[in-house]
Amino acid sequence: MSEPIVLQPDETFILNVGPQHPATHGVLRVKMTMDGEYIYNAETVIGYIHRMHEKMAENRTYPQYLPNLSRLDYLSAMAYCHGYVLAVEKAAAVEVPERAEYIRAITVEMNRISSHLVWFGAFVMDLGGFSPLMYAFDDREQILDLLEAVTGSRLTYCYFRFGGLYNDVDDDFIEGTRRFVKRMRKSLKMYHKLVTTNVILMKRLMGIGPVSAEMCQRYGATGPVARGSGINYDVRRNEPYSVYPEFDFDIPVYNEGDSYARYKVRMEEMEQSLRIIEQGLDKLPDGPINPEKKPKTIKLPPGDYYTAVEAGRGSFGIRIVSNGDKSPYRLKLRSPTYSNMHLFDEACRGMLIADALAFMGSLDLVIPEMDR
Amino acid sequence: MIIETVKDKLRGLFPTAAKPAVAEHEAEKPEAAEAEIGVFDCNYAKRGYHLDVRLSPEQLLTAVGILFDHGFFIESITGVDWIKDGQLEATYDFCRYDFDLCRIVVRTRTPRANPILPTITGIYSGASWHERETHDFFGIVFEGHPHLIPLLLPEDADFHPLLKDFKA
Amino acid sequence: MSLTLINVLAAVIIAIAFVAANAAYLVWAERKGAGFIQRRPGPTENGPWGLLQPPVDGIKLMTKQLLIPGGVDKIIFVIAPVLAMFPSIVSFVTIPFSDTIVAHNINIGLLMIFVFGSMSAMAILMGGWSSRNKYSMISSVRAVSQAVAYEIPMLITAITVVMIAGSLDLMEIVHKQSGGFWHWNIWPFQKGLFNILMPASFLIFFICSLAETNRAPFDLGEAESELVAGYHTEYSSMGFGLFFMGEYANIVIGACLTTILFLGGWDCPFGLFPGVWWFIVKIYILIFTFIWIRWTFPRTTIYSLLNLSWKVLIPISLFNLLLTAGLLKVF
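Residues numbered from 1 in each chain as written. Chains lettered and ligands numbered in written order. Predicted model: local features only at pLDDT ≥ 70, side-chain atom pairs only at ≥ 80, totals over all residues. Heavy atoms only, no water.

## Here we look at the overall build of chain B
Item 1. For chain B, the count of helices and strands is 5 helices and 7 strands.
Item 2. What you see in chain B, going N to C, is helices and strands ordered as α-α-β-α-β-α-β-β-β-β-α-β.
Item 3. Considering chain B as a whole, with its 168 residues, one finds that 60% of them fall into the buried category.
Item 4. A sequence separation of at least 24 residues applies to 54% of the contacts in chain B between residues at least 6 apart. (Helix = DSSP H or I, 4+ residues; strand = E, 2+ residues; numbered from the N terminus. Buried < 20%, exposed > 50% of the residue type's maximum accessible area, 1.4 Å probe, protein only. Contact = heavy atoms within 4.5 Å.)

Okay, structure coming up:
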């Protein structure tokens, strides 16, 4: 709970971390009341790049709103689009061909890996190690190239359509993806050797930034943050959607609740995503990628609908309230980092500033997604 | 099943209105805003949630307390502006971490002219930002909130952009 | 008389030129090394292999406006970068590169280098304090506590070597190690003493020189993901440039001292052709290790850094000092 900062007697001073600070990776501001190097109190200030996506939704038709979704979380844009198309398809009862669903799952998982790779590089950079960033971006480049060939964009994908996809994948993509899976497995091994078992890194992360399961519940933390605290919660498993029930994959869970646990969760998630991609490529059925019959204008029957998907950072929820019109009456985007970041204020009290920034990195923030 | 337990507990909140408790109301027309209260089962496959709990603001804290005790976590809080009825609806989404899947939506309505609701930050600390956001967008005042200043909007913002009569 | 003056002037000018050239090209080497480690080419645009990058950078830095933010303590703010660069230049005067190549050898050269070396901590403190920036202040406080913590084990280890050599004269220390790599101080069996802790001493000295020069993984002073740019956040133009060059000059001094104290200076590993080239080879190997470490390890925190110094390095170096003293007495 963020309380108003009361000026303390002359022992403390206020350190304004952000809105422009290398560790916040965007325009996030944390007003820290410091006692020397220790944080006495912190208040997170967000909203610097608030764009009111929810109001935009009310003024656009359902298909017109598709590109907005990828502007939320620019690192794992696919998952957000996936959530939106699933929500609309469910409400409007649009059939989706199986092939489209498989391709969606494959691309979403590839995007998840690329998102985690950026996190990995940036996180180790927060800790002062520079080189992993370059290696991670090198691997990510392969994903971006593959996805660019299919979707037409490298970052803000608008690939999914209601009921299907914009473009079918070709053999080049399938072969390239198989090559990438092999390459990525090797890279992951190297990352584990180079970074995961590094003594300094382990010392910096173990026992730092403890987040208890109870705290997760109070703040609604999801994704790797919750899974690092011993909560076995993954929307792909708990509330299966799309073709995820067809895949055999594990949900990594660690009980320590520290930054290192969150680190390991994400690293293992990349491996699991590789497994999903591999299975998806094996099982990829032939057929159309768009339904034969699709309503010309998408209109949702009156009522409200909730859909959640597992995005790169946790459970992304989308609530659509419809009054039967061409555009939503109200659309709410539930972003995972918004809840994950919220617990920072409480959890970082009493931490060293260096540890607090490492902890912030382990939450994997994407600011546009918090501010929406 | 947690859903049955919670349903029973929540129905205990409506001692007089035994009637809606039985009704397997599909809530097809939320915009038809007879301020009905009660616990409604929902079609999960279509709606995406299992229980729709409609409360009066006074019952909110008790209901949320029940959900907290049963291990629900807070997904989000948001509002809907039902301008035709002159009411603002606050919507609280709850979900569970375990495999006993149960999504619950708690709604409560407050008059548009003077929207005041109790805060649930005492139960779910994470509600703080969600309530501040709802205050930003709809102007709903959460009584007892420790720090109800604009979060996403500029700090001197005196407008509420998600109200239907908001003109930029 | 005038000849001596010319000699001294020439020595100083050569020292400055050497320091400046080294600092400039170490930046290039650092960037190339980082590129090599990170699977990318590094600077390539200016000149062959980007070799003209340092002068271009220098011109860029010099032509930029020197901003003095409002509210800073002007005098200290301006003096600080000069003070960061000056001691490193002076230290070079007494460092012997070979039997003949030394600007001015004095018999307490080691002491002098340590005296000037501790001045760089003061420059950081002055720069950080006068900047009127909270990040700079935290950084300078960190840097000073770090300097204090690491000067102690560094000095104790140096004293160990001085005891073995029986002199503070750097020339003398090198001469005592001449005659092949088995005579170097890094090995345990010097002069019939069997001091098994000598390799540990070498490591301690090396770690301390990493910490003294604010290099990763001990670059807490300018930890850019925490403290933006640390003590030089508010500096622009050559103010920043001098801090930067001072850091690299300090690296060279650290490498030179390590070479002189433990690796036999210009002595050839196999007793052949001793000369300045061996010295150069040795210091650049050490400098490459500095670069290598920087681009491989993440940063420590201030408390684990201080713990390492006070709880590990100082006890070991003290024990080594006592052991060496005892062994010297016995043999």
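## Quick look at the interface of chain B and chain A
Item 1. With 56 residues of chain B at the interface, the matching set in chain A holds 50 residues.
Item 2. Interface area for chain B against chain A, summed over the two sides, is near 4,600 Å², with a carbon-plus-sulfur share of 54%.
Item 3. Taken as a group, Y97, W129 and L152 of chain B account for 18% of the area that chain B buries against chain A, more than any other trio of residues on that side.
Item 4. With its nearest N and O atoms 3.0 Å apart, the salt bridge here joins K332 of chain A to E133 of chain B.
Item 5. At the level of secondary structure, the elements contributing two or more residues to the side of chain B that touches chain A comprise α3 (44-47), β3 (72-82), β4 (87-96), β5 (104-111) and α5 (127-138) of chain B. (Buried area = accessible area lost by both parts, 1.4 Å probe. Salt bridge = Lys/Arg side-chain N within 4 Å of Asp/Glu carboxyl O.)

## Re the pattern of salt bridges
Item 1. Taken as a whole and judged by the stated rule, the model has 49 salt bridges over all chains.
Item 2. A salt bridge links R39 of chain C to D138 of chain A; its shortest N-O distance comes to 3.4 Å. Highlighted residues: R39 of chain C in the loop between α1 (2-37) and α2 (53-63) and D138 of chain A in helix α5 (residues 131-151), drawn from two different chains.
Item 3. R39 of chain C sits in the partly exposed class, given a relative accessible area of 44%.
Item 4. Here the salt bridges share partners, and the residues they tie into one network are D304 and R319 of chain A together with D52, R54, D85, E89, D93, R107 and R109 of chain B.

## A few points about the confidence of the model for chain B
Residue and element names in this part refer to chain B.
Item 1. Across chain B, the average pLDDT comes to 78, with 87% of residues at or above 70.
Item 2. Looking at the elements of chain B, mean pLDDT is at its lowest for helix α2 (residues 18-22), recorded as 44, and at its highest for α5, recorded as 88.
Item 3. A low-confidence stretch, residues 18-34 stays under pLDDT 50, and its non-local contacts, those more than four residues away or across chains, total 30 contacts. (pLDDT = per-residue confidence, 0-100.)

## Quick look at the sheet that holds strand β7 (residues 314-322) of chain A
Residues and elements named next belong to chain A.
Item 1. In spatial order, the strands read β6-β7-β8; together these 3 strands make up an open sheet with antiparallel pairing. Where the open sheet ends on each side, the last strands, each with one partner, are β6 (303-311) and β8 (330-334). In this sheet, neighbouring strand axes are inclined to one another by 10° on average, regardless of whether the strands run parallel or antiparallel.
Item 2. Here β7 pairs with β8 via 5 bridges, running antiparallel. The partner of I320 across the bridge, within β8, is L331.
Item 3. Its contacts with the sheet put helix α3 (residues 77-92) on β6, β7 and β8, and the angle it makes with β6 is roughly 150°. (Pairing = 2+ DSSP bridges. Axes fitted to C-alpha atoms, helices over the stretch in contact; angles between N-to-C directions.)

## Overview of the side chain of N41 of chain A
Item 1. Assignment of secondary structure puts N41 of chain A in strand β3 (residues 38-45).
Item 2. Among the polar contacts listed, one links the side chain of N41 of chain A to the side chain of R349 of chain A, at a separation of 3.4 Å. (Polar contact = N/O pair within 3.5 Å; in protein donor to acceptor, adjacent residues only side chain to side chain.)

## Section: the arrangement of the chains
Item 1. Contacts between protein chains span 2 pairs of chains, and they are most numerous for chains A and B.
Item 2. Over all C-alpha pairs, chain B and chain C never come within contact, reaching a minimum spacing of 25 Å.

## Concerning the sheet that holds β3 of chain A
Residues and elements named next belong to chain A.
Item 1. Pairing is antiparallel in the open sheet, where 3 strands are placed in the order β1-β2-β3. For this open sheet the edge positions go to β1 (13-17) and β3, each flanked by a neighbour on one side alone. Neighbour to neighbour, the strand axes of the sheet diverge by 25° on average, direction disregarded.
Item 2. Lying over the sheet, helix α12 (residues 336-347) contacts β2 (29-35) and β3, oriented at roughly 150° with respect to β3.

## Quick look at the packing of helix α3 (residues 74-93) of chain C against helix α9 (residues 237-262) of chain C
Residues and elements named next belong to chain C.
Item 1. Running from N to C, α3 and α9 point in directions that differ by 25°, and their axes come no closer than 8 Å. Considering the angle they form, α3 stands roughly parallel to α9. Seen from above, α3 lies across α9 with left-handed handedness. Here A80, P81, V82, A84, M85, S88, S91 and F92 of α3 come into contact with α9, specifically with G239, L242, F243, M245, G246, A249, N250, V252, I253 and C256.
Item 2. Considering only residue class, the contact of α3 with α9 consists of 13 nonpolar, 5 polar and no charged. (Parallel < 35°, antiparallel > 145°, perpendicular 65-115°, else oblique. Left-handed = near helix turned anticlockwise from the far one by under 90°. Nonpolar A, V, L, I, M, F, W, Y, C, P; charged D, E, K, R; others polar.)

## Thoughts on the interface of chain C and chain A
Item 1. In this complex, chain C contributes 24 residues to the contact, which on the side of chain A involves 32 residues.
Item 2. Here chain C and chain A share an interface that buries about 2,600 Å² over both sides, 60% of which is from carbon and sulfur atoms.
Item 3. It is R39, S225 and P298 of chain C in chain C that bury the most area against chain A; as a group they hold 22% of the surface buried on that side.
Item 4. On the surface where chain C and chain A come into contact, there are 9 residue pairs in polar contact (both at pLDDT 80 or more).
Item 5. Residue assignment for the side of chain C that touches chain A shows that the elements contributing at least two residues are α5 (134-165), α8 (224-227) and α11 (302-330) of chain C.

## Quick notes on the pairing of β3 of chain A
Residues and elements named next belong to chain A.
Item 1. Here β3 lies mainly inside the structure; 6 of its 8 residues are buried.
Item 2. As paired strands, β2 and β3 are joined by 7 bridges and run antiparallel to one another. The residue of β3 that forms the bridge with D35 is Y38.
Item 3. Linking β2 back to β3 in an antiparallel pair, the connection comprises 2 residues, with G36 at a positive phi of about 65°.

## Here's the deal with a nonpolar patch on the surface
Item 1. A cluster of nonpolar side chains, namely L5, L9 and I13 of chain C, defines an oily patch on the protein surface of about 320 Å² accessible area.
Item 2. The topology assignment puts L5 of chain C in helix α1. (Patch = residues over 30% accessible without salt bridge, like charges linked within 9 Å, V, L, I, M, F, W, Y side chains within 5 Å. Areas by Shrake-Rupley, 256 points an atom, 1.4 Å probe, with all protein chains shown as cover.)

## What to know about the UniProt feature "domain: NADH-quinone oxidoreductase subunit D" (unreviewed entry) in chain A
All names here are of chain A.
Item 1. Taking the numbering used here, the UniProt-annotated feature "domain: NADH-quinone oxidoreductase subunit D" (unreviewed entry) corresponds to residues 126-295 and 297-372.
Item 2. Summarising residues 126-295: 56% helix, 2% strand, and an end-to-end C-alpha distance of 49 Å.
Item 3. Taken as a whole, residues 297-372 contains 36% helix and 30% strand, while its terminal C-alpha atoms sit 26 Å from one another. (UniProt positions renumbered as here; feature names shortened; annotations may be inferred.)

## Some thoughts on the packing of aromatic side chains
For any two aromatic rings, the description comes down to two numbers: the centre-to-centre distance and the angle of the planes.
Item 1. What the rule picks out here adds up to 38 aromatic pairs over all chains.
Item 2. Centre to centre, the rings of W119 of chain A and F123 of chain A are 5.2 Å apart; their planes meet at 15°, and the pair counts as stacked. Taken together, the residues span about one helical turn, with W119 of chain A and F123 of chain A both in helix α4 (residues 98-126) at a distance of 4 residues.
Item 3. Three or more aromatic residues joined by ring pairs form one cluster here, namely W119, F120, F123, Y191, Y260 and Y263 of chain A.
Item 4. Above the ring of F249 of chain A, the side-chain terminus of R237 of chain A is found at 4.5 Å from the ring centroid.
Item 5. When the ring centre of Y329 of chain A is taken as reference, the NZ or CZ atom of K164 of chain B above it lies at 4.1 Å. (Phe/Tyr/Trp six-rings, centres within 6.5 Å; stacked < 30°, edge-to-face > 60°. Lys NZ or Arg CZ within 6 Å of the ring centre and 35° of its normal.)

## As for the layout of surface pockets
Picture a little ball the size of a water molecule; that probe, rolled over the atoms, points out where space is still empty.
Residues and elements named next belong to chain C.
Item 1. Approximately 760 Å³ is the volume attributed to the largest pocket.
Item 2. Lining the largest pocket we find 35 residues, and of these V27, D57, F240, F244 and Y248 sit closest to its centre.
Item 3. Elements with a contribution of two residues or more to the lining of the largest pocket: α1, α2 and α9.
Item 4. If you tally residues by element for the lining of the largest pocket, the top one is α2, at 8 residues.
Item 5. Of the residues belonging to the lining of the largest pocket, the class tally is 19 nonpolar, 5 polar and 11 charged. (1 Å grid on protein atoms, 1.4 Å probe; cavity = no way out; pocket = protein on both sides within 12 Å on 5 of 7 lines; lining within 4 Å. Points joined across faces, edges and corners; volume = space filled by probe spheres on them.)

## Overview of the side chain of T44 of chain A
Item 1. By the secondary structure assignment, T44 of chain A is in strand β3.
Item 2. Residue T44 of chain A is classed as buried on the basis of its relative accessible area of 0%.
Item 3. A polar contact is formed between the side chain of T44 of chain A and the side chain of D345 of chain A, at a distance of 2.3 Å.
Item 4. T44 of chain A has contacts with L28, R29, V30, M341, F344 and D345 of chain A together with W129 of chain B, leaving out every residue within four places of it along the chain.

## Regarding a negative patch on the surface
All names here are of chain A.
Item 1. A cluster of acidic residues, D170, D171, D172 and E175, forms a negative patch on the protein surface.
Item 2. With respect to the helices and strands, the residue D172 is situated in helix α6 (residues 171-196).
Item 3. Residue D172 is classed as exposed on the basis of its relative accessible area, which comes to 57%. (Lys, Arg positive; Asp, Glu negative; His and termini not counted. Charge placed at Lys NZ, Arg CZ, Asp CG, Glu CD.)

## Observations regarding α3 of chain A
Item 1. If you check α3 of chain A, its first and last C-alpha atoms are 23 Å apart, about what 16 residues at 1.5 Å a residue would give, namely 22 Å.
Item 2. Positioned one or two residues after α3 of chain A, A93 of chain A has a phi angle of 55°, which is positive. (Expected span 1.5 Å × (residues − 1).)

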